[in-house]
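Take a look at the letters that make up each chain.
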Amino acid sequence: MDPTALLRIDLGAIAENWRALAARAAPGAVAGVVKANAYGLGAARVAPALHAAGCRHFFVAHLAEGMALRAALGAGPMIAVLNGFAPGADEEAALMPVLNSLGDVLAHAAAGRSAGRARPALLHLDTGMARLGLDAGEQARLAADHSLLAGLDLLYVMSHLACADEPDHPLNAEQAARFARACARLPKLPRSFANSSGLFLGSDYASDLARPGCALYGINPTPGAANPMRQVVRLEAPILQIRDIPAGASVGYGASFVAARPSRIATIAVGYADGYLRCLSGQGVAAYRDMILPMVGRVSMDLITLDVTDAPGITPGEAVQLIGGAAPSPDDLAARAGTIGYEILTSLGDRYRRDYRAG
Ligand SMILES: *Cc1c(COP(=O)(O)O)cnc(C)c1O
């Protein structure tokens, strides 16, 4: 028996999710956000699947992610680097820096002028995140002097929503209004605004280029309503051992679980080093056929333990489901862990066997 857990990633479901978002955003275009290794699922496999579905714009966070993505995708698609990079640092990879400050604008514009060739880039305006992007003062300076942009070939002006997953939050409309006002004071450019949840706020938010990430990977972009996206991820693992313990015996580190009855305990080779968060201790569950099996004891680095007392037929070597199918979705698991589905996905470790199902 191979005790290694199996992570199944459905590239067909990712492509279908992208197509559904593309239909929703039309006539605007829809990018694929594949930062952090496509939210942990493997950018080298996910991005070509998105490209085959029709996606021609990609966003990563880091320069190194962009370089690797260019190697995976070849020439052609736009690859924008959200955290930016110094002029020329992309070498031959033809990546698009996101310009996040007036300093970024001035540096890339100067490089473009001195090369005699305008530098393609995206301009990021902060409208309420206070994280990256030109702040209100920098936006005003640019509005007062468009010549600061000479030497740049701006493909899009973008902004990012802080509360798109809360449709009633007043900051959504406020950010849309600030973005519209700021764009009106700049040369006319295509706009990029909505993330996944933003695409569900109404047509004002989609813009010329939406930037969904999480929804592509099956995370619910409309928390509080049914998930409109297809599930993408399944994690299953075989049982390494099953042992009988008497009432009163404890399980795992800290003896945090004490059996109230004679129990059967199954051990699985998944732990917090695999992204099965330690705070799921006492909170996690697994699925076996149609049964839900409670996790007992602490999550350790490489192992977790399940109470299988009520699944009498279960034997070592049989697989249980940890994520997806009858087991919790990434969003459900996140709720149990006090976090968000994004963190569950991006934490998935690299020790799993990975099985990519094509579309
Ligand atoms: C991560 C990110 C996105 C994608 O957000 P989701 O909520 O995953 O759809 C879009 N734009 C920016 C600037 C981001 O950092």
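Our structure's up above, just so we're on the same page.
Rules behind the numbers
Residues numbered from 1 in each chain as written. Predicted model: local features only at pLDDT ≥ 70, side-chain atom pairs only at ≥ 80, totals over all residues. Heavy atoms only, no water. Near = heavy atom within 4 Å. Polar contact = N/O pair within 3.5 Å; in protein donor to acceptor, adjacent residues only side chain to side chain. Areas by Shrake-Rupley, 256 points an atom, 1.4 Å probe, with all protein chains shown as cover. Nonpolar A, V, L, I, M, F, W, Y, C, P; charged D, E, K, R; others polar. Core = buried A, V, L, I, M, F, W, Y, C linked by side-chain atoms within 4.5 Å. Buried < 20%, exposed > 50% of the residue type's maximum accessible area, 1.4 Å probe, protein only. Helix = DSSP H or I, 4+ residues; strand = E, 2+ residues; numbered from the N terminus. Contact = heavy atoms within 4.5 Å. Phe/Tyr/Trp six-rings, centres within 6.5 Å; stacked < 30°, edge-to-face > 60°. Lys NZ or Arg CZ within 6 Å of the ring centre and 35° of its normal. Axes fitted to C-alpha atoms, helices over the stretch in contact; angles between N-to-C directions. Parallel < 35°, antiparallel > 145°, perpendicular 65-115°, else oblique. Pairing = 2+ DSSP bridges. Expected span 1.5 Å × (residues − 1). Arc of directions from axis to C-beta. Salt bridge = Lys/Arg side-chain N within 4 Å of Asp/Glu carboxyl O.

## Structural notes on the site of the ligand
Lining the immediate surroundings of the ligand are 14 residues, of which Lys35, Tyr39, Ser196, Cys214 and Tyr342 lie closest. Lysine 35 places a side-chain nitrogen or oxygen 2.7 Å from an oxygen atom of the ligand. A distance of 2.6 Å separates an oxygen atom of the ligand from a polar side-chain atom of tyrosine 342. Compared with its free state, where it exposes 390 Å², the ligand has 93% of that area covered by protein. Of the residues in the shell around the ligand, the class split is seven nonpolar, four polar and three charged.

## Overview of the nonpolar core
One finds Ile14, Leu41, Phe59, Leu123, Tyr217 and Leu322 to be the most contacted residues of the largest nonpolar core, which totals 110 residues. In terms of residue count, helix 1 (residues 11-25) provides more of this core than any other element does, eight residues in total. Once residues lying within four places of it in the same chain are set aside, the contact partners of isoleucine 14 are Ile9, Leu41, Val46, Leu50, Leu216, Tyr217 and Val232. Residues Val251, Ala259, Ile265 and Val296 belong to the second largest nonpolar core, which totals five residues.

## Overview of the packing of aromatic side chains
Scanning the entire structure with this criterion turns up four aromatic pairs. One aromatic cluster is present, built from ring pairs that chain together Tyr39, Tyr217 and Tyr342. Taking the ring centre of phenylalanine 59 as reference, the NZ or CZ of arginine 211 above it sits at 5.9 Å.

## A look at the packing of helix 5 (residues 102-115) against helix 6 (residues 136-144)
It is the contact of helix 5 with helix 6, at a shortest axis distance of 10 Å, that shows an interaxial angle of 40°. Between helix 5 and helix 6, the crossing angle belongs to the class labelled oblique. On helix 6, the residues that touch Leu102, Gly103 and Val105 of helix 5 are Glu138, Arg141 and Leu142.

## Some words on the sheet that holds strand 5 (residues 78-81)
Reading across the sheet, the seven strands line up as 3-4-5-6-7-8-9 and stay open at both edges, with parallel pairing between neighbours. The open sheet has two free edges, formed respectively by strand 3 (32-33) and strand 9 (191-192), since each of these has just one partner strand. Bridge count for strand 8 (residues 152-158) against strand 9 is two bridges, and the pairing is parallel. Paired with valine 157 across the two strands is arginine 191, which belongs to strand 9.

## Here we look at helix 7 (residues 170-184)
For helix 7, with 15 residues, the first-to-last C-alpha span of 22 Å sits near the 21 Å given by 1.5 Å per residue. Within the span of helix 7, buried status applies to Leu171, Asn172, Gln175, Phe179, Ala182 and Cys183. On an axial view of helix 7, the arc spanned by its buried residues comes to 105°, and they lie on one face. Exposed residues on helix 7 whose side chains face more than 90 degrees from its buried face are Pro170, Arg181 and Ala184. At its buried positions, helix 7 is contacted by helix 6, strand 8, strand 9 and helix 8 (203-206).

## A look at the pattern of salt bridges
Evaluated as defined, the whole model comprises 13 salt bridges. Between aspartate 244 and arginine 264 there is a salt bridge, with its nearest N and O atoms 3.4 Å apart. Placement of the pair is aspartate 244 in strand 11 (residues 233-245) and arginine 264 in strand 14 (residues 263-268), with a sequence separation of 20 residues. Given the relative accessible area of 59%, aspartate 244 is considered exposed.

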